[in-house]
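Chain residues, written in single-letter form:
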Amino acid sequence: MELQNTVKEALNALYHHPDDAVRMQADRWLQDFQRTLDAWQVADNLLHDATSNLETLIFCSQTLRSKVQRDFEELPSEAFRPLRDSLNTLLKKFHKGPPKVRTQISIAVAALAVYVPAEDWGDGGIVNWLRDEMKSHPEYIPGFLELLAVLPEEVYNYKIAARPERRRQFEKELTSQMEVALSILTACLSINELKEQVLEAFSSWLRLKHGIPGSVLASQPLVHTALSSLNAEFISEASVNVISELIHYSAGGSSGGVAVQMPLIQVIVPQVMNLKAHLKDSSKDEEDVKAIARLFADMGDSYVELIATGSDESMLIVNALLEVASHPEYYIASMTFNFWHSLQVFLTRRDSYLPFGNEASIEAERKRRQDAFVPSYESLVSLVSFRVQYPQDYHDLSHEDRKEFKQTRYAVADVLIDAASVLGGDATLRILYKKLVEAIAGCGNGENSEWRPVEAALFCIRAISNYVSVVEAEVMPQVMSLLPKLPRQPQLLQTVCLSIGAYSKWLDSASIGPSILPSLIEILMSGMGTSEDSAAAAALAFRHICDDCRRKLCGCLDGLFHIYHRAVSGEGSFKVSAEDSLHLVEALSMVITELPPDNAKSALEALCLPVVTPLQEAVSQGPEILNKKHARELTVHIDRFAYIFRYVNHPEAVADAIQRLWPIFKAIFDLRAWDMRTMESLCRACKYAVRTSGRFMGITIGAMLEEIQGLYKQHYQPCFLYLSSEVIKIFGSDSSCANYLKNLIESLFLNTTRLLTNIQEFTARPDIADDCFLLASRCIRYCPQLFMPSEVFQSLVDCSMIGITVQHREASNSILTFLTDIFDLASSSNGEQYLPIRDSVIILRGPTITRILIASLTGALPSSRLESVTYTLLALTRAYGARAVEWAKESVSLIPLTAVTEVERSRFLKALSDAASGFDIGSRTVPIEEISDVCRRNRTVQEIVQGALRPLELNLIPVS
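Everything quoted here is computed from the prediction, not taken from an experiment.

A. Representation of the overall build of the protein chain in the model. What the protein chain contains, in helices and strands, is 51 helices and zero strands. Taking the principal axes of its C-alpha atoms as reference, the protein chain extends roughly 95 × 80 × 75 Å. Of the roughly 41400 Å² of accessible surface on the protein chain, a fraction of 52% belongs to carbon and sulfur atoms. Of the charged side chains in the protein chain, 92 are positive and 117 negative; the average position of the first set lies 3 Å away from that of the second.

Shown next as structure tokens:
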């Protein structure tokens, strides 16, 4: 009684106390209370208490529902019957509401049925019990109907902590009771005010894999009631849900497919087609139009394979879907977008035509089908293209509305790509070009020019750029000649710039390319000086032009350098951000790549000059000033070097450049080693220099490695490890580098293992763990001769065991990958010779590694890592066979039988045994996934399992 009063007081504080701190305290107390064993009785008592207010009823019904879902196993087996009877009494008590309370009680009863097999429930299972209750107490039918509706939904509710085997059994029980459920619902149709509720329950039952033949459903009274409701003045949402489920079911694989379900399809389609006229009926309620559009979209999505045959009947559905696509409201029109994509895939995918036999028949059928849909896709292009036009009030839109408008434009672009896939890019371009010409004709000049339709047409032309052939000579020359004449309005200019970039491959191939490139580059320069958005677009377009037209631009380097200097120096009127200036660095780098080596060397020096000058100045100001600079003042220039070294593909020239620059880089390494952001930027630049220059780097590579080896001991910057990874990849197999690479990896790994001595250190420094074990994996692949015989190999294995359960995703995955690479050593090149070394380290630690992996599988790591952990565990099992299965047996024997049954253990061990025997383990991972589910089914079980496996204890001695 005292606890009940405390709950009421806490709820009163939660909802009504003026002090936020008190409300938070009440909320915490109530959450803790819900986890207690007392919560069962207190929640039940307060629900039966006539004096409980609405807040108490809602809280207690939610508590009881969550207790049944998650903690049913807390109760003794004899508690089931009184609990069921109490919930039944509450369902009757709240049959008229409040609806929130009644729903929670219904879900609680359904969850109870998931746990309790039909034979233990009694009365032939819950559905028969429900039928008998409804017959005995017809006055409570509304409450029982809600329970009937939620029952099938609970099959797929994974909040319920039932075992996978029991969940499958429950689904079978419900499926076997389908006829009984439908007979109850059919009987309830006679109560007019319950019709909506009956249909909602029917749609819920249709989601089960019930396998009822189409011929049976076609004559089912519930189906006819739903179909006849479509002709009512106001279309009911429940009837639409039923028909939607029937459409999906009739096309689904579990139903036997379209051919088996044809009797049902022949009943549904004509009824839905009769609604087509309502799509344009202005007197029709918008919600009704939305419901009708949804049914047409469902038919399109579900019957797309039938529709793709191009028969006369299927074209009627296509025409109706074009009507939906023409609806002025975007959210209604867009319901069809998925259909146009699916249809395009069927029409263009070769697999769709394989049954037609030889090549000639396949080609003839493909042409016949695509020709049948040409008018539809041509109409579609016209129907959707206007939707990308900027609204007049765009500047007044909220951030969310602008985001939504952007999403609309992306979605329309995808539809245009689908159309171009069917019609061909050149044909789609012709349609859109007409729209561009019309828009320009209505544009006018001056400040009041109507630029929006022009921008919309250009946006659409840009969207299909990858589908327009590079030899198109009819429309694209005209489009390009129009661009310099358009107004320089910022948003229009942004799209003009992006369009120039999108057609860079066409410009490279077109005969008029060289003659129009100067005027197009002039537009890009204008874009760089107009607004930040147009500058970003122009910089990106400049990169595309220099990439695809690089050979044509080799003779224009002076002009390109002029643009580059203005953008990179920040002088003049350009509004290119530091981030977007990287596009220009990349652009010039790609043109320089096309130059002969001697010219490339001098061009690379010119490219580096405006980047190195500010860094030289910063270093020359002395240590004190350099140390005080904000990281961004340095990284903005160093990042440009990363791009230069990455995209100038002249290894010797880049090696010379890095050798000249090394004194500046070394000064920054020495003075800013404490600064993670600057070090990451500098290591990235060095990484690309190493990757491009390779063995041309000569003495610079030795100086670089000496530098990071010395600095890592003091500052533990993770980026020193990933730079070393790049060096190992390129120089790992070079015997002339063996000594200094061996010293490097031993020093780095020794210092890292001294740092990462417990899980708290892994949690605090996940980036170091991530990069350390990525480097270790690289060593296994590229220099096992240096790594495997070294003492650091054993130290790293020990370190990995401490860190497997770190919650940071990348760090955990790197550790698991490292262990997998060790276990799979035999399958790597030259790996077999190191197996004795590997085994001498792993066999001693095998039982512990296995236990930690099983703990990770069963809750120590999030379920999203299940695949990675499973892969590592199976790699261990493949490597050590029966011995590994024995280790796994020892580990699972630690888990109490209350958490995992003997059958579940056996299935898990059988899956591992199969893997050890060399079977393909593709389908055999189910028992592994299920033991993971079982051990995570609720907090209590998870705590029991982790308490038994203790993954953080490396020296656990099994108790016999």
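Moving on, there is more to tell.
B. Summary view of the pattern of salt bridges. Across all of its chains, the model carries 54 salt bridges by this definition. For the salt bridge of R878 with D824, the shortest nitrogen-to-oxygen distance reads 3.7 Å. Note that R878 is positioned in helix α48 (residues 866-892) and D824 in the loop between α46 (809-823) and α47 (835-860), a separation of 54 residues in sequence. Taking relative accessible area as the criterion, R878 reaches 36% and is therefore assigned partly exposed. In this structure D824 comes out as partly exposed when scored by relative accessible area, which is 21%. A cluster of three or more residues bridged by salt bridges with shared partners is formed by E73, R163, E904 and R937.

C. Representation of the UniProt feature "domain: Exportin-1/Importin-beta-like" (unreviewed entry) in the protein chain in the model. Per the UniProt record, the feature "domain: Exportin-1/Importin-beta-like" (unreviewed entry) sits at residues 98-243. Secondary structure across residues 98-243 comprises 70% helix and 0% strand; the distance between its end C-alpha atoms is 29 Å.

D. Molecular detail of the domain arrangement of the protein chain. Entries for the protein chain in the domain assignment read domain 1 (1-74), domain 2 (76-210), domain 3 (211-327), domain 4 (349-467) and domain 5 (469-594). A C-alpha centroid distance of 25 Å is found between domain 1 and domain 2. Taken together, domain 1 and domain 2 are joined by one salt bridge. Between E73 and R163 there is a salt bridge, with its nearest N and O atoms 3.6 Å apart. Run the count over domain 1 and domain 2 and you get eight residue pairs in polar contact (both at pLDDT 80 or more). Counting residues per element, the ones that place at least two in the side of domain 1 that touches domain 2 are α3 (38-48) and α4 (54-71).

E. Focus on empty space enclosed by the protein. Enumeration over the complete set of coordinates arrives at two cavities of 30 Å³ or more. Together, E904, R907, F908, P927, E930 and I931 line the largest cavity. For the lining of the largest cavity, the secondary structure elements donating two or more residues are α49 (902-916) and α50 (926-935). Its residues assigned to classes, the lining of the largest cavity comprises three nonpolar, no polar and three charged. There is about 30 Å³ of room inside the second largest cavity. Lining the second largest cavity are L483, L486, P487, R488, L493, V496 and I523.

Reading guide: rules and limits
Along each chain, residue indices are assigned from 1 in the same order as the chain's sequence is written. Local features are withheld for residues below a pLDDT of 70 in this predicted model, meaning they are given only at 70 or higher, and side-chain atom pairs are given and counted only at 80 or more; totals for whole chains, interfaces and linings count all residues. By convention in this description, side-chain values take in all heavy atoms of the structure and omit both hydrogens and water. We count a stretch as a helix when DSSP gives it H or I for four or more residues in a row; a strand needs E for two or more, and each element gets its number in order from the N terminus. Exposure was quantified through the Shrake-Rupley algorithm and a 1.4 Å probe, taking into account, for residues, occlusion by the shown protein chains and nothing else. Charge assignment: positive for Lys and Arg, negative for Asp and Glu; neither His nor the chain ends contribute. The atom standing in for a charge is NZ when the residue is Lys, CZ when it is Arg, CG when it is Asp and CD when it is Glu. Here a salt bridge means any side-chain nitrogen of Lys or Arg lying within 4 Å of a carboxyl oxygen belonging to Asp or Glu. Any residue under 20% of the maximum accessible area for its type is buried, any over 50% is exposed, and the rest in between are partly exposed; the area is computed with a 1.4 Å probe on protein chains only. UniProt positions are given in the numbering used here, feature names are shortened, and annotations may be inferred rather than shown by experiment. What counts as a domain boundary in this text is fixed by an automatic or database domain assignment. Residues adjacent in sequence count toward polar contacts only when both atoms are side-chain atoms; beyond that, a polar contact is any pair of N or O atoms within 3.5 Å, and within protein one must be able to donate a hydrogen and the other to accept it. Put simply, the grid is 1 Å and covers the protein atoms alone, a cavity is a trapped set of points that fit a 1.4 Å probe, a pocket is an open set with protein on both sides within 12 Å along at least five of seven lines, and lining residues have an atom within 4 Å of a point. Grid points are joined across faces, edges and corners, and a volume is the space filled by probe spheres set on the points. Three classes are used, and their members are as follows: Ala, Val, Leu, Ile, Met, Phe, Trp, Tyr, Cys and Pro are nonpolar, Asp, Glu, Lys and Arg are charged, and the others, Gly among them, are polar.

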